[in-house]
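What the coordinates show
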Amino acid sequence: MNDASDYIVELKNITFRRGSRVIFDNVDIRIPRGKVTGIMGPSGCGKTTLLRLIGAQLRPDSGSIWVDGQNIPELGREQLFAARQHMGMLFQSGALFTDLDVFENVAFPLRVHTDLPEDMIRDIVLLKLEAVGLRGARALMPDELSGGMKRRVALARAIALDPALMMYDEPFVGQDPISMGVLVRLIRLLNDAMGLTSIVVSHDLAETASIADYLYVVGDGQVLGQGTPEELMNSDNPRIRQFMQGEPDGPVPFHYPAQNYVQDLMQTEKDA
Amino acid sequence: MRTRNLELIVGVFILAGLLALAVLAVRVSGLTATSTGSTYSVHAYFDNVAGLTPRAKVTMSGVTIGQVTAISFDKNRYSARVDLAIDSKVDTLPADSTASILTAGLLGEKYVGISVGGDDELLVDGSELYDTQSALVLEELIGRFLLNTVSKDD
Amino acid sequence: MSLVDRVVLLGRAGLDTLAALGRSGLFLVNVLFGRARFGNGWTLLVKQLHAVGVMSLAIIVVSGLFIGMVLALQGYNILVGYGSEQAVGQMVALTLLRELGPVVTALLFAGRAGSALTAEIGLMKATEQLSSMEMIGVDPLKYVIAPRLWAGFISMPLLAMVFCVVGIWGGAMVAVDWLGVYSGSYWSNMQNSVEFTEDVLNGLIKAVVFAFVVTWIAVFQGYDCEPTSEGISRATTRTVVYASLAVLGLDFILTALMF
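Residues numbered from 1 in each chain as written. Chains lettered and ligands numbered in written order. Predicted model: local features only at pLDDT ≥ 70, side-chain atom pairs only at ≥ 80, totals over all residues.

**Comments concerning the overall build of chain A**
- Within chain A one finds 10 helices and 10 strands.
- Summarising its shape, the C-alpha atoms of chain A cover approximately 75 × 45 × 40 Å along the three principal directions.
- The buried share among the 272 residues of chain A stands at 38%.
- For chain A, restricting intrachain contacts to residue pairs at least 6 apart in sequence, the fraction spanning at least 24 positions comes to 63%. (Helix = DSSP H or I, 4+ residues; strand = E, 2+ residues; numbered from the N terminus. Buried ≥ 20, exposed ≤ 12 C-beta atoms within 10 Å, placed from the backbone. Contact = placed C-beta atoms within 7 Å.)

Here it is in structure tokens:
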């Protein structure tokens, strides 16, 4: 573990299956400390699963996941909940608690994990809300917010306990260009200002490439490629190129595997 | 303030539930403090208890003064032994009082009625009621009635 | 479909059922005996007592009133033929305390509070609120499930008691005020035949058992549901069906053991 200080998260030989489908097959991923790392790949390739593995909401079939020197799959329930206090996760839907208002949502982690006096909690919450630009919205309920604002409130909640590691699950999905721009800027800003390590899981190429220091491209249960955004853009691996250029057909086929088209049509006629 | 109101409403709710239980206990089941008070036990032997059950009432002049605690068969005397728990406040029963098994109404439940005797000695804990009158069994009554009618005709 | 296929299907269904039973058992153990609650557990419980108990009060009172009134009316019409209409009080009270109070309350509770619990928890699961709570380092079993479970345990027996009282009162209204049964015999016949331990306490025990089963089914179905809108609606239906069947089945067993 001589490089423990360079990498905050290390996934070693991870294999994960869902039923008979292999999501990850002996995958190694390392997340450098203090950087923004993008995990990219086509939909349904297990990007979100990766975050859930790191957060131990799922357990791998084999392999180890080291987060800050702890092997996550081996932790007991108690230690796990303690370890999670150092992680923040921004879910796709924001996942705000619908029965609490914006202020209470952000205050929630502070209330359950600290014994801070009320005025201090108020200061911290307002600080975090100010950071995401929603201090004025503190009295609103989650269903009064737009999708982008929900995500920003959720972000404020995720950083309330000053985690060392922030994970973003598809932060750009379904956002209008303005909120997308706001989120992109926020992720970068928070990472640098708070000394975080960020993992951004996304398939939005341009946005992710614009903020990530390092990129992984995953697909078919494998890491297809890694490197800085420039390196990947110029990669000569056809699969990476297909993904990076957004070509509809290539090594990742347009058609779902099926038998011969003509044969298939003939068969239907015969059956009918 | 919102939590306080909520707590108040919930408090009223719990109170209403407990109050309901109290109403059921006192008003509906007629549970009173005295019925669980101290008792003394006496027993009596009956030829036939037909239909008397444990926890049946023991009454005197129509007032409940205790209840049946146990019914068993005494194999030496070939009769039924009935244990009665009598309210301690009723401690002036003469030793020769009569215990009879009665029926409330025509088809109602069986209970034990005690009619007062004339002895100076009083019933105490563990004493026996010697004078007993068994339950009336409807079939026997009808049988006897028919027999009488037949013999009169002769 | 061949015979073997059918047997395979049966086996699979059996295994699935067993797995679900095992999961729900583990779930219950984790909720009840997991690590200590948080400092604000009391506030959470109060909130759920309000949502589960107080909000069900209206339907319980209204149905209790009508059921008591109907019982008195029907009972009177039958008993008057035997000239024993004074016994209507005892009939209403015994029916309510022993059977209808706990059972109807449990069925209504499953429909009103149980389905709401399932839908609410299912929705929290589908919108990733439970996951995000886990990631904040808060155990949703303790924070979301446990208060709801306890609120159900506590409020349903109370509701059953309220139901019985309102029903008996409704019965008295019909029998005494409308049909002209002498109020003294209505109440005294009732008091003579209703035993506190035999009838009131046994009814209360039934209510506690039903409360346990209905709430358990409701929160488990919510927690275990498929996190989609379709999954939630299916889980809600399952809660009402399973809870009702469980209540009626258990009622028979308990009655056989008690009376």
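Following the structure, the description resumes.
**Quick word on the UniProt feature "transmembrane region" (unreviewed entry) in chain C**
- Taken from the UniProt record, the annotation "transmembrane region" (unreviewed entry) applies to residues 50–73, 158–180, 200–219 and 240–258 of chain C.
- Secondary structure across residues 240–258 of chain C comprises 100% helix and 0% strand; the distance between its end C-alpha atoms is 26 Å. (UniProt positions renumbered as here; feature names shortened; annotations may be inferred.)

**With respect to the sheet that holds strand β2 (residues 21–32) of chain A**
Residue and element names in this part refer to chain A.
- Overall, antiparallel pairing links the 4 strands, which are arranged β2-β1-β4-β5 in an open sheet. Every interior strand has two partners, whereas the edge strands, β2 and β5 (70–71), have only one.
- Across 2 bridges, strand β4 (residues 62–67) lies against β5 in antiparallel orientation. Following the sheet pairing, Trp-66 is matched in β5 by Asn-71.
- Strands in contact with helix α1 (residues 47–54) are β1 (7–18), β2 and β4; relative to β1, the strand with the most contacts, it is inclined by about 115°. (Pairing = 2+ DSSP bridges. Axes fitted to C-alpha atoms, helices over the stretch in contact; angles between N-to-C directions.)

**Observations regarding the interface of chain A and chain C**
- Listed by partner, the interface residues are 17 residues for chain A and 13 residues for chain C.
- Those elements giving two or more residues to the side of chain A that touches chain C turn out to be α2 (77–84), β6 (87–90) and α3 (102–113) of chain A.
- In terms of residue class, the side of chain A that touches chain C is made up of 10 nonpolar, 5 polar and 2 charged. (Nonpolar A, V, L, I, M, F, W, Y, C, P; charged D, E, K, R; others polar.)

**Focus on the nonpolar core**
- Of all hydrophobic cores here, the largest spans 153 residues; its most connected members are Cys164(C) and Val214(C).
- It is helix α6 (residues 140–178) of chain C that contributes the most residues to this core, 23 residues altogether.
- Aside from chain neighbours lying at most four places away, what touches Cys164(C) is Ala20(B), Leu24(B), Leu96(C), Leu97(C), Gly101(C) and Gly203(C).
- Phe46(B), Leu52(B), Val58(B) and Ala135(B) belong to the second largest nonpolar core, which has 20 residues in total. (Core = buried A, V, L, I, M, F, W, Y, C linked by C-beta atoms within 7 Å.)

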